[in-house]
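Structure assessment
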Amino acid sequence: MYKYLPIAVFALTPLFGVAAETENDRWNLADLYVSADAWTADSVKLEGQLKDFAGCKGKLGESVRRFRACMDLEADILRRFERLTSYASQTHDQDTGANIGQDLSQKSDILASKVDEATSFVRPEVLALGRKKIDGFLKQDKALAIYRHPLDQILRAAPHTLDAKGEAIVAQFGLATNAGGDVYTMLSNADLPWPTVKLSDGTEVKLDQAAYTKYRAVGNRDDRKKVFDAFWGKWKEFERTFGVTFYEQLKKEAVYTKVRNYPDSLSRALDGNDIPPAVYNMLIDQTRANLPTLHRYFKLRAKLLGIGDLHYYDMYPPLLTSDLKYPVAEGKQLMLDAVKPLGPDYVAAMSDALQHRWMDVYPRPHKLSGAYMNGIAYDVHPYLLLNYNDDYESVSTLAHEWGHAMHSHLANHAQPFITADYPIFTAEIASTTNETLLLDHMLKIAKTDDERMLYLGSALENLRTTFFRQAMFADFEREVHAKVDKGESLTGEDLTKIYGDILRRYHGDKEGVVKIDDLYAMEWAYIPHFYNQFYVFQYATSISAGSMFAASILNGEAGARERYLNILRAGGSAYPYDLVKAAGVDLATPAPYQAVFARMNKIMDEIEAIQARKKS
Ligand SMILES: [Zn+2]
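Structure report, in brief. Note that this is a predicted model, so its numbers are computed, not measured. (Residues numbered from 1 in each chain as written. Predicted model: local features only at pLDDT ≥ 70, side-chain atom pairs only at ≥ 80, totals over all residues. Heavy atoms only, no water.)

Brief notes about the nonpolar core
- With 149 residues, the main nonpolar core has Trp 235, Trp 402, Phe 476 and Trp 524 as its most contacted residues.
- Among the elements that take part in this core, helix α18 (residues 449-485) stands out by supplying 16 residues, more than any other.
- In terms of nonpolar packing, the next biggest core, distinct from the first, is built from 45 residues, Trp 27, Ala 118, Val 126 and Ala 420 among them. (Core = buried A, V, L, I, M, F, W, Y, C linked by side-chain atoms within 4.5 Å. Buried < 20%, exposed > 50% of the residue type's maximum accessible area, 1.4 Å probe, protein only. Helix = DSSP H or I, 4+ residues; strand = E, 2+ residues; numbered from the N terminus.)

A few points about the environment of Thr 589
- Relative to the elements of secondary structure, Thr 589 occurs in the loop between α22 (576-582) and α23 (591-615).
- According to the relative accessible area criterion, Thr 589 is partly exposed, its value standing at 27%.
- Along the sequence, Thr 589 and Met 282 sit 307 residues apart, while their C-alpha atoms lie 6.7 Å from each other.
- Among the polar contacts made by the side chain of Thr 589, one reaches the main-chain carbonyl oxygen of Asp 586 at a distance of 2.6 Å. (Polar contact = N/O pair within 3.5 Å; in protein donor to acceptor, adjacent residues only side chain to side chain.)

Brief notes about helix α1 (residues 36-54)
- With 19 residues, α1 extends 27 Å between its outermost C-alpha atoms, agreeing within 8% with the 27 Å of an ideal straight helix rising 1.5 Å per residue.
- When α1 is considered as a whole, its buried residues turn out to be Trp 39, Asp 42, Ser 43, Leu 46, Gln 49, Leu 50 and Phe 53. For α1, the angular spread of buried residues about the axis comes to 115°, placing them on one side. What points out from α1, more than 90 degrees from its buried face, is the exposed set Asp 37, Val 44, Lys 45, Lys 51 and Asp 52.
- Where α1 is buried, its residues contact α2 (64-94), α3 (99-119) and α4 (122-140). (Expected span 1.5 Å × (residues − 1). Arc of directions from axis to C-beta. Contact = heavy atoms within 4.5 Å.)

Notes on the coordination of the zinc ion
- His 400 (NE2), His 404 (NE2), Glu 428 (OE) and Glu 428 (OE) make up the full set of protein donors to the zinc ion, lying at 2.1 to 2.5 Å.
- For the zinc ion, the four donor atoms in the first shell make angles of 53 to 141° at the metal, so the coordination geometry reads as irregular. (Donors = N, O, S within 2.8 Å, 3.2 Å for Na, K, Ca; no water. Tetrahedral: all angles 85-135°; square planar, octahedral: opposite > 155°, others 65-115°.)

Quick word on the state of the cysteines
- For the structure shown, the criterion picks out one disulfide.
- The disulfide that involves Cys 56 links it to Cys 70, with 2.1 Å between the sulfurs. The S-S bond linking Cys 56 to Cys 70 shows a torsion near -95°; that makes this disulfide left-handed. Taken as a pair, Cys 56 in the loop between α1 and α2 and Cys 70 in helix α2 lie far apart in primary sequence, 14 residues in all.
- With a relative accessible area of 5%, Cys 56 lands in the buried category. (Disulfide = S-S within 2.5 Å.)

Re the side chain of Thr 541
- Position of Thr 541 among the secondary structure elements: in helix α20 (residues 537-554).
- Setting aside its immediate chain neighbours within four residues, Thr 541 contacts Val 279, Leu 283, Phe 425, Leu 587 and Tyr 593.

Quick word on the pattern of salt bridges
- Here the structure, examined in full by the defined rule, presents 41 salt bridges.
- A salt bridge links Arg 260 to Glu 167; the nearest nitrogen and oxygen atoms lie 2.6 Å apart. Within this pair, whereas Arg 260 is found in the loop between α10 (239-259) and α11 (265-271), its partner Glu 167 is found in helix α6 (residues 164-174), the two being separated by 93 residues in sequence.
- The class of Arg 260 is buried, set by a relative accessible area of 18%.
- The class of Glu 167 is partly exposed, set by a relative accessible area of 22%.
- One salt-bridge network, in which partners are shared between bridges, spans Glu 21, Arg 26, Asp 360, Arg 364 and Lys 367. (Salt bridge = Lys/Arg side-chain N within 4 Å of Asp/Glu carboxyl O.)

Description of the packing of aromatic side chains
- This structure, assessed with the given rule, holds 43 aromatic pairs.
- Both rings, one in Tyr 212 and one in Phe 231, keep their centres 4.0 Å apart while their planes meet at 0°; by these two values the pair is stacked. Taken as a pair, Tyr 212 in helix α8 (residues 209-215) and Phe 231 in helix α9 (residues 221-237) lie far apart in primary sequence, 19 residues in all. Grouping residues by exposure puts Tyr 212 and Phe 231 together as buried.
- Residues Phe 468 and Phe 597 carry aromatic rings whose centres are separated by 5.8 Å and whose planes lie at 35° to one another, so their mutual orientation is tilted. In this pair, Phe 468 is assigned in helix α18 and Phe 597 in helix α23, connecting sequence segments 129 residues apart. Each member of the pair, Phe 468 as well as Phe 597, is classed as buried. (Phe/Tyr/Trp six-rings, centres within 6.5 Å; stacked < 30°, edge-to-face > 60°.)

Here we look at unusual backbone geometry
- Phi at Arg 357 is positive, roughly 55°, even though this residue is not glycine.
- Position of Arg 357 among the secondary structure elements: in the loop between α15 (344-354) and β4 (359-360).
- The backbone phi angle of Phe 534 is positive, close to 55°, even though this residue is not glycine.
- As for its placement among the helices and strands, Phe 534 is situated in the loop between α19 (492-507) and α20.

Set out below in structure tokens:
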């Protein structure tokens, strides 16, 4: 499931009732279950299957027949569970205040832990059987072929697996090593005593996380500075404590790295999806070498906002504002026109899906904010949650989320259940490619320079936050993990110093591009993704691959479209780096990153050309 992480979330204040909502603007959960009773009946079935599955424990290696029956039963359990959990979470998300959604979500959480518990023996048992025995099974029964890749994912862990006694100890300690992250979540979301500021118009604002995201973008510069100073000043008071929680997290990762016999935490984190560390390192090398492109963007931002000495608190006000409206019917049509380069089949499938209530379109009181796509209900269809409010960002988000939906749709049709779901490494390629196609289309049909500026500005901002900001986070993660892997200790003060150096380097502080005030280097403590290590870099690699695919498809390169669609159809049937490479984009080489920089510079060329036209 791809909850859209709060990286490029545009949902500011939801404008309730933008358009009159009809039944067609609501997703149809009856496609999953006709009623809550039907859900309960299916959950009873699941519990029965879990009991049956207990009979597989210790018996997987008994015979190929037994092995296959158990693999099939496990797949069926997961398939049923994913349908159940989709209904539960979406019932909750469409009205977070309703009892029914809360009730189903809790029940679904309980089911999730039962499924985990009931299937937890499979991994160690497959590892104990070993590759030779499993290969023998695969040879004996061709129907097992669909499990080849999932089994390989387990078997690859063999060199990093301990004996039974060792694994039992690791499992026990696993229950006792989450304090760093848990304390962090509690403190940063609930317990931090949020400061209050008085803005120039007299409004008093309590700056919690949500208010900070809203008010850091206000037009009045003094207010922005006030918001930054108050917010980061509060985090600064807890620098020592956040230092301890993050250092605990880093140490935990370093310990697992040693126990699991990896050279470093980075290699261990990437190994699950078999992504070569060279991808990560290439991303950072290329980003560092191309910081002048980012600095060009900052200078352009300063110019467009009319600011001489750009500071870090000037990052969030929108480059441009616009009154242009894009009602959802128009947004859908624009998207359909934009994805034409992906071929008639893709367009027809999307067009058909748009008429079948996959999507909950508009904001409503108590509806979950933001946007996401959920494509795990294999036998039904993907679902999308939006908070569409008729602006251009809404159209862009629509194209992004439908990129995910079509990915799931194609994978679910081309793959058996067990290999349909895909990792984030390829997921964000499908969404960013569609965003790029949308931009290309919008620029072609734009009637005025102001309109063009709106599209270019939005795309530019997206590239900064999805590429450069994530690459900067990745750079920081690599550095602090490497230190702790080597046995160095880190305090909150050390972390602020390291983050501050990186922040200044990326923002050209020394070159006078953006001034980074010391206090704002506390930002490292604010990024929750650092507790999910070596994850965010995939936003940057995805948008790079997406830029390259979109460019080759738009240029009409022979076979480019099919190669790209093959990634989508492949779902999770192979390792994601290999899939992307087979389609012609090697993320361990400079080319895809060069495609992002080229795209960003092209956008800035066009903006500057428009600015020059305006002046003359
Ligand atoms: Zn996404």
